[in-house]
Amino acid sequence: MSDADLANLSDKLMLTTVVMYVVALAAYAVDLGFGRRRAAAEAREKSEAKVLVGAAGAAADDPATAEAGDEAADEGERPQVDWVRLAVFMSVLGWAAHLGVMVSRGLAASRWPWGNMYEFLTAIAFAAVTAFLVVMYRYKARFLGAFVMLAAVIALGVANIWLYDSVGPVTPALNSYWIAIHVSAAIVATGAFTVAGAATILYLLKARAESRGTAADGGVLARIPSAESLDRLAMRVTMFAFPIWTAAIVMGAIWADQAWGRYWGWDPKEVWSFVTWIIYAAYLHARATAGWKGRKAAVLSLIAFAALMFNFFGVNYMFSGLHSYA
Amino acid sequence: MTDYQGTETTDTTGAATGTADTADTADASGTRAPAARQAPGETPRPAGIGPLGWLRWAWRQLTTMRTALILLFLVALGAVPGSILPQRGQAPEQVAAYLEDHKTAGPWLDRLSMFDVFAAPWFAAIYILLFVSLAGCVVPRAFQHYRSMRARPPAAPRNLGRLPQSAKYETDASPEDVLAEARKVLRGRRFRVDVAGGAASAEKGYLGETGNLLFHVSLLALLFALGLGNLFGYQGNVLLTEGKTFANSLSLYDQFTPGRAFEDGELAPFTLTLDDFKAEYETEGDKRGQATAFNADIRYRSGPDAAEKPYDLRINHPLNVGGAKVYLLGHGYAPVFTVRDAEGDIAFQDSVPFLEMEPRNLTSEGVIKVPDAQPDQLAFYGILWPTAMASQDGKQIVSGFPAPLRPVVTITSFKGDIGLDSGTPQSVYKLEGLGETLHPVKDGQKLLEPGETFDVPGGGSITFDGLRQYVTLSVNRDPGRIPALVAAILAVLGVAASFMVRRRRVWVRASAAEGGRTVVEVGGLTLGNPTPEFDEIVTALRGPQHEPGDGPDDESHQGPDEGPGSESESESEPDADRGSGPATEPKE
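Owing to the predicted nature of the structure, the values given are computational and were not obtained by experimental measurement.

Describing the overall build of chain B
Part 1 of the argument: A count of helices and strands for chain B gives 12 helices and 23 strands.
Part 2 of the argument: Long-range pairs, those at least 24 residues apart, make up 65% of the contacts in chain B with a sequence separation of at least 6.
Part 3 of the argument: Split by element, the accessible area of chain B, about 28,200 Å² in all, is 56% carbon and sulfur.

Here it is as structure tokens:
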């Protein structure tokens, strides 16, 4: 395939990904809104989740067979649509297409596919979906699906509508092996922070409902886990992301020392990475401090996430700095 | 804080250990936060305690977690204006322009150091307080951790069955043999083991706290490394045109920032010559004109007597010479001109660096000052189009490509006094006294291609001889560079270790029962959620002969078809429990 064909394929796969994510988003949302009550579902969840991920994993390789198998299982068990299955199936399939978007684009440009804002945001969305799939598998956090898928669809929408850039070479400053290390770490950390952010928002909603005693009244909040486990999930994902974010900043400094002649120069991107890091550090400390645990810590985590988002969008479009590659 | 993480586990510990002395041991062994970082409410208010008491109170306040949190938040908040307002360290010209545009607010912001945020006294005050607070917490904790690493593992609680993980079985081996075996198995898993009073106590996972301390200490070290660089380093920028040589001396820098303790004699005596600069651009597609590579072929000598060596200087590929580093920062065009005065003598012949007016196709501007021209001084303002072409509407000249495919210069001539004789320093990129001492020459404008000459009306001429390129180089030395790198790497390793390694304790008690058999109780306690390791230990202790279902001596209440790995009922499904187990929390 020529580079142009690969670039074309990448753009087509992007459309496929978005469509699949939208379907997955709808299915997760329907499951959250009208699915079986959590208490009743709990008993079956574990085995089900395993079966699902297994089926969906196979689906990435051979969609037709897996789909058939899936349908057969559906018919055998229950007549009505199994929204969870559909959602997981579509998100794993979308994830595979998403991977294809990045691989084909990287091949078309003969470089790492995160050289501009479009590619970077695409990769962050991919990392967020990946983090969600991992969290769903390990902690049964299926309820996060609707929220993470929503974030992914918005991110991909923004990337395609406002940030789209055709395949091309990177500026000489980005032409370094550090792009594979520094930017990848930033992408992975941002994706994980996104999942933690979704869990934190849910935690705040659920905690409020619990304190008002309305948590069991039904509705979406009745179908998500307790505030305590949401808090714990957010914490765990943040604890995974924080060292990676630290490493991303350190590796960025090493690269800056190679490219610009100083390892730290308070460039706007550096300032905001630092601010983000500091606030996440404050969150991790607050989480372990009496009187700050819970709501206050959660708010800190959201402020940190806002700083992270501002670092991505605000810094690149509002300030001029060395990171303005868009 | 660094308790047995999370309230529910703390309760479990309390209930499970039962004996007060075990709880105390847990405290002493450093799993609990130091008193200095307990919740603020626990700090007693001062009342008639004298100056020393006040100092102690202030110190305790400073080292509380609440203060640390506030300081962290203030550092983040304080950094924000540094990204919104222009900063002297990064863009002094933008600061000047900002002050020019904001006559009222500007000076006030300046007084608050808003244009030097990261060198501001108030910013320094925040981070120094933060680091003092950090040291005040970390240093005592380091001693405590050292002691707990040398202390014996805490004695077994009375009722092992009430620990988060526990198992119980009977065996034919004697209690001594069981404990010896336990010691061997646990040692094999790198536990520290202590056997006393019919029970083995084992503990491991000190690396978590070690990593935590390492992380915080590394941050302190990083701060010192930054200070080291600021104090003893230097940084300078220099513009070098093809064919010219730069010697590392203060007077040849266009801009130079020494560290506070820097001395002139410390400049490494190297020289470097720029032979050729090549820029490559994308020539096709919608990315046409985008730069893809910059290469500067240079030759350098590390000292006056050293051999000359070639080097390929690129972005991301700096040159190390004499303890300093040389970076390629930018590039531009330097057209070469020959100016003759009205008497026909060559008054000027050199390359003149032009500054880019737009980054895309490198339309550039510059001035030529000819103070030696007789009888009147001459000056020219020029605009260079590397690839000249007509604009869309056909009325203007624009540059269509950044490479010099068809370079054209337009020249505007001036005559009079340039103003250099007064001794006031001038920018080499700007004409001064326009309309006052320096007057435009009538019909003094002309487009020139390489090799063409323009006869200035009223005497004199200017020849556009050709085009050279220049590079801007940054030269710096930073003695804090390597210490900072080491500190940063240790910080990353430290934080990763502190999040990944958890302290684990295992107790094994063996007591004689009727019929010569021995009852073995095993209990496990882990910071954060339980690990499958415990089950592996129990399996190893019971030995391979205990296959599922062969257990008349098996006192656990599970069906025979369940494996030996599921002794404890609360832990029968470790996977399922992950979502609801106690959280692993950071140890500040």
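Quick word on the sheet that holds strand β8 (residues 291-301) of chain B
Each strand in a sheet pairs with its neighbour through backbone hydrogen bonds, running either in the same direction (parallel) or in the opposite one (antiparallel).
Residues and elements named next belong to chain B.
Part 1 of the argument: Spatial strand order, β5-β7-β8-β9: 4 strands in an open sheet with antiparallel pairing. The outermost strands of the open sheet, each flanked by one partner alone, are β5 (245-247) and β9 (309-313). Between one strand axis and the next, the sheet turns by 30 degrees as a mean value, whatever way the strands run.

Observations concerning the pattern of salt bridges
Pairs can form between side chains of opposite charge whenever their charged atoms are close.
Part 1 of the argument: Scanning the entire structure with this criterion turns up 27 salt bridges over all chains.
Part 2 of the argument: B:Arg517 serves as the salt-bridge partner of B:Glu170, at 3.1 Å between the closest nitrogen and oxygen. Of this pair, B:Glu170 sits in strand β1 (residues 165-171) while B:Arg517 sits in the loop between β22 (504-512) and β23 (518-526), and the two are 347 residues apart along the sequence.
Part 3 of the argument: On the basis of relative accessibility, which here comes to 18%, the residue B:Glu170 falls in the buried class.
Part 4 of the argument: B:Arg299 is the partner of B:Asp275 in a salt bridge, and the nearest nitrogen-oxygen pair spans 2.7 Å. Remark: B:Arg299 occurs in strand β8 and B:Asp275 occurs in strand β7 (residues 271-281); sequence separation between them is 24 residues.
Part 5 of the argument: Classification of B:Asp275 by relative accessible area gives partly exposed; the value is 36%.
Part 6 of the argument: It is possible to trace a salt-bridge network through shared partners that takes in A:Arg105, A:Arg111 and A:Glu119.

Structural notes on the packing of aromatic side chains
Part 1 of the argument: Evaluation of the coordinates by the stated rule reveals 33 aromatic pairs over all chains.
Part 2 of the argument: A centroid spacing of 5.6 Å and a plane angle of 85 degrees characterise the contact between A:Tyr28 and A:Phe132, whose relative ring orientation is edge-to-face. Of this pair, A:Tyr28 sits in helix α1 (residues 3-34) while A:Phe132 sits in helix α5 (residues 117-139), and the two are 104 residues apart along the sequence. Each member of the pair, A:Tyr28 as well as A:Phe132, is classed as buried.
Part 3 of the argument: Taking 5.3 Å as the distance between ring centres and 20 degrees as the angle between the ring planes, the aromatic pair formed by A:Trp95 and A:Phe126 counts as stacked. With A:Trp95 in helix α4 (residues 83-109) and A:Phe126 in helix α5, this pair connects stretches of sequence that are 31 residues apart.
Part 4 of the argument: For A:Trp95, a relative accessible area of 24% translates into the label partly exposed.
Part 5 of the argument: With relative accessibility at 12%, the residue A:Phe126 sits in the buried group.
Part 6 of the argument: In this structure an aromatic cluster arises from ring pairing among A:Trp264, A:Trp266, A:Phe274, B:Phe118, B:Trp122, B:Phe123 and B:Tyr127.
Part 7 of the argument: Lying over the aromatic face of A:Trp292, A:Lys296 brings its terminal NZ or CZ to 5.2 Å of the ring centre.

Considering the nonpolar core
Part 1 of the argument: Counting 197 residues, the largest nonpolar core has A:Leu144 and B:Ile368 as the members making the most contacts within it.
Part 2 of the argument: Here this core takes 18 residues from helix α8 (residues 227-259) of chain A, the largest share from any one element.
Part 3 of the argument: Setting aside residues up to four positions removed in sequence, B:Ile368 forms contacts with B:Phe337, B:Val339, B:Phe348, B:Val352, B:Leu378, B:Ala379, B:Phe380, B:Ile411 and B:Ile462.
Part 4 of the argument: Listed in part, the 20 residues of the second largest apolar core include B:Val178, B:Val506, B:Val520 and B:Val538.

Considering the packing of α8(A) against helix α9 (residues 268-286) of chain A
Residue and element names in this part refer to chain A.
Part 1 of the argument: Running from N to C, α8 and α9 point in directions that differ by 150 degrees, and their axes come no closer than 10 Å. As the angle between them shows, α8 and α9 are arranged roughly antiparallel. Between α8 and α9 lies a crossing whose hand is left-handed. Residues Asp231, Ala234, Met235, Thr238, Met239, Phe242, Trp245, Thr246, Ile249 and Ala256 of α8 form the contact with α9, whose participating residues are Glu270, Ser273, Thr276, Trp277, Tyr280, Ala281, Tyr283 and Leu284.

Here's the deal with the UniProt feature "transmembrane region" (unreviewed entry) in chain B
Residues and elements named next belong to chain B.
Part 1 of the argument: In the numbering used here, UniProt assigns the feature "transmembrane region" (unreviewed entry) to residues 68-85, 119-143, 213-234 and 482-501.
Part 2 of the argument: The distance from the first to the last C-alpha atom of residues 68-85 is 27 Å, and the span holds 94% helix and 0% strand.
Part 3 of the argument: As a span, residues 213-234 carries 91% helix and 5% strand, and end to end its C-alpha atoms are 33 Å apart.

A short note on the UniProt feature "transmembrane region" (unreviewed entry) in chain A
Residues and elements named next belong to chain A.
Part 1 of the argument: Mapped onto this structure's residue numbering, the UniProt feature "transmembrane region" (unreviewed entry) falls at residues 13-34, 86-108, 120-137, 144-164, 176-205, 233-256, 271-290 and 297-319.
Part 2 of the argument: As annotated, residues 176-205 comprises 93% helix and 0% strand, and the C-alpha atoms at either end are separated by 44 Å.
Part 3 of the argument: With 91% helix and 0% strand, residues 297-319 has end C-alpha atoms that lie 30 Å from one another.

Regarding the sheet that holds strand β3 (residues 199-204) of chain B
Residue and element names in this part refer to chain B.
Part 1 of the argument: Taken in spatial order, the 5 strands of this open sheet run β1-β23-β22-β3-β2, and their pairing is antiparallel. Looking at strand neighbours, the two that pair on one side only are β1 and β2 (192-196), the edges of this open sheet. Mean inter-strand twist for the sheet, computed between neighbouring axes without regard to direction, equals 15 degrees.
Part 2 of the argument: With 5 bridges joining them, β2 and β3 adopt antiparallel strand pairing. Across the sheet, residue Arg192 finds its bridge partner in β3, namely Glu203.
Part 3 of the argument: Contacts from helix α8 (residues 175-188) reach β1, β2, β3, β22 and β23, with the element oriented near 165 degrees to β22.

Examining the environment of B:Leu72
Part 1 of the argument: Within the secondary structure layout, B:Leu72 lies in helix α4 (residues 65-84).
Part 2 of the argument: Taking the C-alpha atoms as reference points, B:Leu72 and B:Leu130, 58 residues apart in sequence, are found 7.0 Å from one another.

Regarding the interface of chain B and chain A
Part 1 of the argument: Each partner contributes to the interface: chain B provides 63 residues, whereas chain A provides 60 residues.
Part 2 of the argument: For chain B, the biggest contributors to the area lost against chain A are B:Leu69, B:Asn316 and B:Phe499; these three give 13% of the whole.
Part 3 of the argument: Linking chain B with chain A are 2 salt bridges.
Part 4 of the argument: The closest approach of N and O atoms between A:Asp257 and B:Arg481, which form a salt bridge, is 2.9 Å.
Part 5 of the argument: Taken together, the links from chain B to chain A amount to 7 residue pairs in polar contact (both at pLDDT 80 or more).
Part 6 of the argument: Sorting the residues of the side of chain B that touches chain A by element identifies α1 (7-17), α4, α9 (207-232), β8, β11 (324-340), α10 (481-500) and α12 (574-577) of chain B as the ones contributing at least two each.
Part 7 of the argument: At 11 residues, the largest contribution of residues to the side of chain B that touches chain A is made by α4(B).
Part 8 of the argument: A breakdown of the residues in the side of chain B that touches chain A according to their chemical character gives 35 nonpolar, 15 polar and 13 charged.

Thoughts on the side chain of B:Glu521
Part 1 of the argument: Inspection of the secondary structure assignment puts B:Glu521 in strand β23.
Part 2 of the argument: The side chain of B:Glu521 is buried and forms no salt bridge, while B:Arg509, the nearest opposite charge, is found at 4.4 Å.

A look at the confidence of the model for chain A
All names here are of chain A.
Part 1 of the argument: Looking at chain A as a whole, the pLDDT averages 82, with 82% of positions reaching at least 70.
Part 2 of the argument: Averaged over each element, pLDDT in chain A is lowest for helix α3 (residues 63-77) (42) and highest for helix α10 (residues 295-312) (93).
Part 3 of the argument: pLDDT under 50 marks residues 37-79. Its contacts with residues more than four places away, or in other chains, come to 43 contacts.

Remarks on the environment of A:Lys296
Residue and element names in this part refer to chain A.
Part 1 of the argument: Among the structural elements, Lys296 can be located in helix α10.
Part 2 of the argument: Accessibility expressed as a relative area gives 47% for Lys296, which makes it partly exposed.
Part 3 of the argument: Along the backbone, Lys296 and Ala286 are 10 residues apart, and their C-alpha atoms lie at a distance of 7.9 Å.

Comments concerning helix α6 (residues 145-161) of chain A
Part 1 of the argument: Taking 1.5 Å of rise per residue, the 17 residues of α6(A) would be expected to cover 24 Å, and the 24 Å separating its terminal C-alpha atoms lies within 8% of that figure.
Part 2 of the argument: Among all positions of α6(A), only A:Gly145, A:Ala146, A:Val148, A:Met149, A:Ala152, A:Val153, A:Ala155, A:Leu156, A:Val158 and A:Ala159 are buried.

Cut-offs applied
- Here the residue numbering is sequential within each chain, running from 1 through the sequence in written order.
- Think of it this way: whatever chain is written first is A, whatever ligand is written first is 1, and the rest follow in order.
- Given that this is a predicted model, residues contribute local features only at a pLDDT of at least 70 and side-chain atom pairs are listed and counted only at 80 or more, while totals for whole chains, interfaces and linings are drawn from all residues.
- For side-chain calculations, the full set of non-hydrogen atoms in the structure is used, while hydrogens and water are omitted.
- Helix and strand assignments come from DSSP, with helices taken as H or I runs of at least 4 residues and strands as E runs of at least 2, each series counted from the N terminus.
- In this analysis, two residues are considered to be in contact whenever any of their non-hydrogen atoms come within 4.5 Å of each other.
- Where accessible areas are quoted, they stem from the Shrake-Rupley method and a 1.4 Å probe; at the residue level, only the protein chains shown are allowed to cover.
- Pairing between strands is defined by DSSP: at least two bridges between the two strands are required.
- Structural elements are reduced to axes, namely lines fitted to C-alpha atoms, with helices fitted over the stretch in contact, and the angle between N-to-C directions of any two is expressed from 0 to 180 degrees.
- Each reported salt bridge corresponds to a side-chain nitrogen of Lys or Arg within 4 Å of a carboxyl oxygen of Asp or Glu.
- For each residue, the accessible area found with a 1.4 Å probe, counting protein chains only, is set against the maximum for its type, and the residue is called buried under 20%, exposed over 50%, and partly exposed in between.
- For Phe, Tyr and Trp, where Trp contributes only its six-membered ring, two rings pair if their centres lie within 6.5 Å, and the inter-plane angle classes them as stacked under 30 degrees, edge-to-face over 60, or tilted in between.
- Two thresholds decide whether a charge sits over a ring: the Lys NZ or Arg CZ must be within 6 Å of the ring centre and within 35 degrees of the ring normal.
- Buried Ala, Val, Leu, Ile, Met, Phe, Trp, Tyr and Cys residues that are joined via side-chain atoms within 4.5 Å together make up what is termed a nonpolar core.
- Between 65 and 115 degrees an angle is taken as roughly perpendicular, under 35 as roughly parallel, over 145 as roughly antiparallel, and anywhere else as oblique.
- Crossings are sorted by hand: turned counterclockwise from the far helix by less than a right angle, the near helix makes the crossing left-handed, and turned clockwise it makes it right-handed.
- UniProt positions are given in the numbering used here, feature names are shortened, and annotations may be inferred rather than shown by experiment.
- Accessible area that two parts lose when put together, evaluated with a 1.4 Å probe and summed over both, is termed the buried area.
- Whenever a nitrogen or oxygen atom comes within 3.5 Å of another N or O atom, the pair is scored as a polar contact, on the condition that within protein one atom can donate a hydrogen and the other can accept it, and that pairs from neighbouring residues in sequence are kept only if both atoms are in side chains.
- Residues are sorted three ways: Asp, Glu, Lys and Arg are charged, Ala, Val, Leu, Ile, Met, Phe, Trp, Tyr, Cys and Pro are nonpolar, and all the rest, Gly among them, are polar.
- In this tally, Lys and Arg are treated as positive and Asp and Glu as negative; His is ignored, and so are the chain termini.
- What pLDDT expresses is the predictor's confidence in each residue, scored from 0 to 100.
- The span you would expect from a helix comes to 1.5 Å times its residue count less one.

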